[in-house]
Amino acid sequence: MKEINIAILGFGTVGRGVYELLEKNASLIYQKTGFYPRIKKILVKDLSKKRNKNLPNNLLTTHIEEILEDDDIPIVCELIGGINPAKEFVLECLRKGKQVITANKAILAECGDEIWKEASKYRSYLGFEASVGGGIPIIKTIKEALIGNKIKSIVGIVNGTTNYILTKMLENQLSFKEALKEAQAKGYSEADPSLDIKGWDSAHKISILASLAFGIYIPFSKVYVEGIENIDLLDLKFAKDFGYMVKLLAFAQKEDRGKLEIRVHPTLIPENHVLASVRLNYNAFYITGDFVGDILLYGLGAGKEPTASAVISDIVSAMEYLSFKKEPFIKYPVVEENLEKFIKPIEEVEFKYYIRFSAVDKPGVLSKISGILGKYEISIASVVQIGRQKKKGSVPIVMLTHESKEKNLKKALKEIDQLEVVTALTKKIRILDL
Ligand code: NAP
Ligand code: HSE
């Protein structure tokens, strides 16, 4: 039997998932491929930590050298997360000629230029299927299955934690905090959950997808990002009344000869659109290519089992790569100086908006607000004002607008928020009529 040794760096949610999958299905992989993947070492931070697995003696180590210096370990899976020390471990493994698999979107979106360069230089296989979309094979779909297409756009729900929170808030009336706690307990969130909530994890993921789809490295720093930290249940409910669902969407689009739009922000989408039905820790990717047309990929975007499934798919690709010794064929994204000239700034993009003002309940308020909107050429499509309050207090006024430039809306809201009758910062959510 041809065994291939593997090392895992990190034995948290994903590391344990990979271990359990191989415990159960390594023979199945052997039947299908002729190669038997065997875990030889697992790197952890803390050896004394209680693990609910009966692991063979000597499997765990805290010394990366035991993996780096072992020529009998050709495949290493980095499942630690974060930039340091994960990035250095990945680079060192590549330089040692090992095939590397990572689930770490942060290192690819923030240091992909360095990592892809080393992978090319050392002719190593670098697999990162698990870095985006959990168990959904989105990376191989873009890199291989859609290679003949000019990709026009990718619209996705790419973060399980935030989608879980938004679903639970609306469907079960959980508070933001309660929903987050559940997502953490289920192993969906990042070690630092603010990466999920602030939209950064989604930005890491769309940076990777756009880089693959458009062939140039678009680092995280070039993605416009807003998270869901300011979304209230009230907004989810108002949106629903207007026939929309609020989702944290990641968006990348490149028109012919046009500039690239790349961003992450909460978005109102029509509730009858297929993406609106993506609940809990599910993710979905709606991709448009010039020949394939529209395609949709849907599945579990976070969690132990689906993510392990994606890591294993890369392990098998790495085994194939080792056995045929083929040269890397599909190129990694190229690094472009002056990236700014390719990217459309958010201020220049036109959106429809959902806007919620908090204002005192007295005559003339609406006309003051709409006067300022008019001054910046923002036209109102519909308005809802919640009825008079018995006690004096502020009331929500919700508007949907027609399309207008982001920079105009920003100026208008800045002016409106200074009105004496406005009692709290105005909330805006962009609308995408997919
Ligand atoms: P996790 O549960 O926090 O596990 C991290 C593991 O890394 C722990 O076992 C920890 O060791 C180990 N570790 C931390 N620092 C280390 C160091 N300096 N040296 C050696 N080991 C170290 O993380 P996770 O949820 O499995 O996520 C791992 C990666 O997969 C991240 O990049 C994440 O973004 C990505 N990912 C996660 C999911 C998901 O659903 N969770 C889905 C897709 C991708 P100890 O056990 O000793 O503390
Ligand atoms: N924290 C990530 C999420 C894990 O919630 O989607 C999967 O990448």
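Our structure's up above, just so we're on the same page.
**Q** Help me understand the overall build of the protein in this model?
**A** A count of helices and strands for the protein gives 13 helices and 17 strands. Its C-alpha radius of gyration of 24 Å places the protein within 12% of the 22 Å reference for a compact globule of 434 residues. Seen through its principal axes, the protein has C-alpha atoms that stretch 80 × 50 × 35 Å. For the protein, the proportion of contacts with a sequence separation of at least 24, taken over those separated by at least 6, is 73%.

**Q** Just checking my understanding: could you explain the pattern of salt bridges for this structure?
**A** Oppositely charged side chains can form a pair if their charged atoms are brought close together. Taken as a whole and assessed by the stated rule, the structure comprises 29 salt bridges. For E190, the salt bridge identified is with K105, shortest N-O distance 2.9 Å. Of the two residues, E190 sits in the loop between α7 (176-185) and α8 (194-197) while K105 sits in helix α4 (residues 105-121), which places them 85 residues apart along the sequence. Overall, K105 belongs to the buried group, its relative accessible area being 10%. A salt bridge links E171 to R279, with the nearest nitrogen and oxygen atoms 2.7 Å apart. Here R279 lies in the loop between β10 (260-270) and β11 (282-289) and E171 lies in helix α6 (residues 160-172), a separation of 108 residues in the sequence. A residue is classified by how much of its surface remains accessible, and E171, at 40% relative accessible area, is partly exposed. For R279, a relative accessible area of 36% puts it in the partly exposed group. One connected set of salt bridges, linked through shared partners, spans K105, E190, D201 and K205.

**Q** Would you mind showing me how to read the site of ligand 1 here?
**A** The environment of ligand 1 is made up of 24 residues, and the closest members are F11, R51, K105, E190 and G303. K49 places a polar side-chain atom, nitrogen or oxygen, 2.8 Å from an oxygen atom of ligand 1. A distance of 3.0 Å separates an oxygen atom of ligand 1 from a polar side-chain atom of K105. Computed on the free molecule, ligand 1 has an accessible area of 910 Å², of which 84% lies beneath the protein chains in the complex. Taken together, the residues of the shell around ligand 1 sort by class into 10 nonpolar, 8 polar and 6 charged.

**Q** Sorry, what's going on with the pairing of strand β15 (residues 394-401) here?
**A** Two faces belong to every sheet, and in a regular strand the side chains alternate between them. Within β15, 7 of the 8 residues are buried, leaving the element largely enclosed by the surrounding structure. Direction of pairing for strand β13 (residues 350-360) relative to β15: antiparallel, over a ladder of 7 bridges. Directly across from I355, in β15, lies its bridge partner M399.

**Q** Got a minute to help me understand the nonpolar core in this structure?
**A** Residues I115, L126, I138, I262 and F285 are the most contacted members of the largest nonpolar core, which totals 88 residues. Discounting chain neighbours no more than four positions away, the residues touching I262 are I206, S207, A210, I218, K222, V223, Y224, F251, A252 and I343. One finds Y19, L55, C77 and A308 within the second-largest nonpolar core, a separate group that totals 33 residues.

**Q** Where do I start with the site of ligand 2 in this structure?
**A** Neighbouring residues of ligand 2: K105, N159, G160, T161, Y188, S189, E190, D196, D201, K205, G301 and A302. Contact distances for ligand 2 include 2.6 Å between an oxygen atom and a side-chain N or O atom of T161. Within the contact set of ligand 2, a nitrogen atom lies 2.7 Å away from a backbone nitrogen or oxygen of Y188. Within the complex, the protein chains bury 93% of what would otherwise be the 250 Å² of accessible surface of ligand 2.

**Q** Sorry, what's going on with the packing of aromatic side chains here?
**A** Here a ring pair, both rings aromatic, is described through the centre-centre distance and the interplanar angle of the planes. Enumeration according to the criterion identifies 9 aromatic pairs in this entry. Ring geometry for F351 versus Y353: centroids 5.9 Å apart, planes at 65 degrees, classification edge-to-face. With respect to class, F351 is no different from Y353; both count as buried. Aromatic rings pair up to connect W116, F128, Y217 and Y332 into one cluster. Geometry around F351 places R430 over its ring, the cationic atom sitting 5.3 Å from the centre.

**Q** Can you walk me through the environment of R95 in this structure?
**A** Inspection of the secondary structure assignment puts R95 in helix α3 (residues 86-95). Taking the C-alpha atoms as reference points, R95 and L233, 138 residues apart in sequence, are found 49 Å from one another. Apart from residues no more than four positions distant in its own chain, R95 is found in contact with E88, E118 and Y122.

The rules behind these values
Residues numbered from 1 in each chain as written. Chains lettered and ligands numbered in written order. Predicted model: local features only at pLDDT ≥ 70, side-chain atom pairs only at ≥ 80, totals over all residues. Heavy atoms only, no water. Helix = DSSP H or I, 4+ residues; strand = E, 2+ residues; numbered from the N terminus. Rg over C-alpha atoms; globule rule 2.2 N^0.38 Å. Contact = heavy atoms within 4.5 Å. Salt bridge = Lys/Arg side-chain N within 4 Å of Asp/Glu carboxyl O. Buried < 20%, exposed > 50% of the residue type's maximum accessible area, 1.4 Å probe, protein only. Near = heavy atom within 4 Å. Polar contact = N/O pair within 3.5 Å; in protein donor to acceptor, adjacent residues only side chain to side chain. Areas by Shrake-Rupley, 256 points an atom, 1.4 Å probe, with all protein chains shown as cover. Nonpolar A, V, L, I, M, F, W, Y, C, P; charged D, E, K, R; others polar. Pairing = 2+ DSSP bridges. Core = buried A, V, L, I, M, F, W, Y, C linked by side-chain atoms within 4.5 Å. Phe/Tyr/Trp six-rings, centres within 6.5 Å; stacked < 30°, edge-to-face > 60°. Lys NZ or Arg CZ within 6 Å of the ring centre and 35° of its normal.

Any functional reading would require information beyond the geometric quantities listed.
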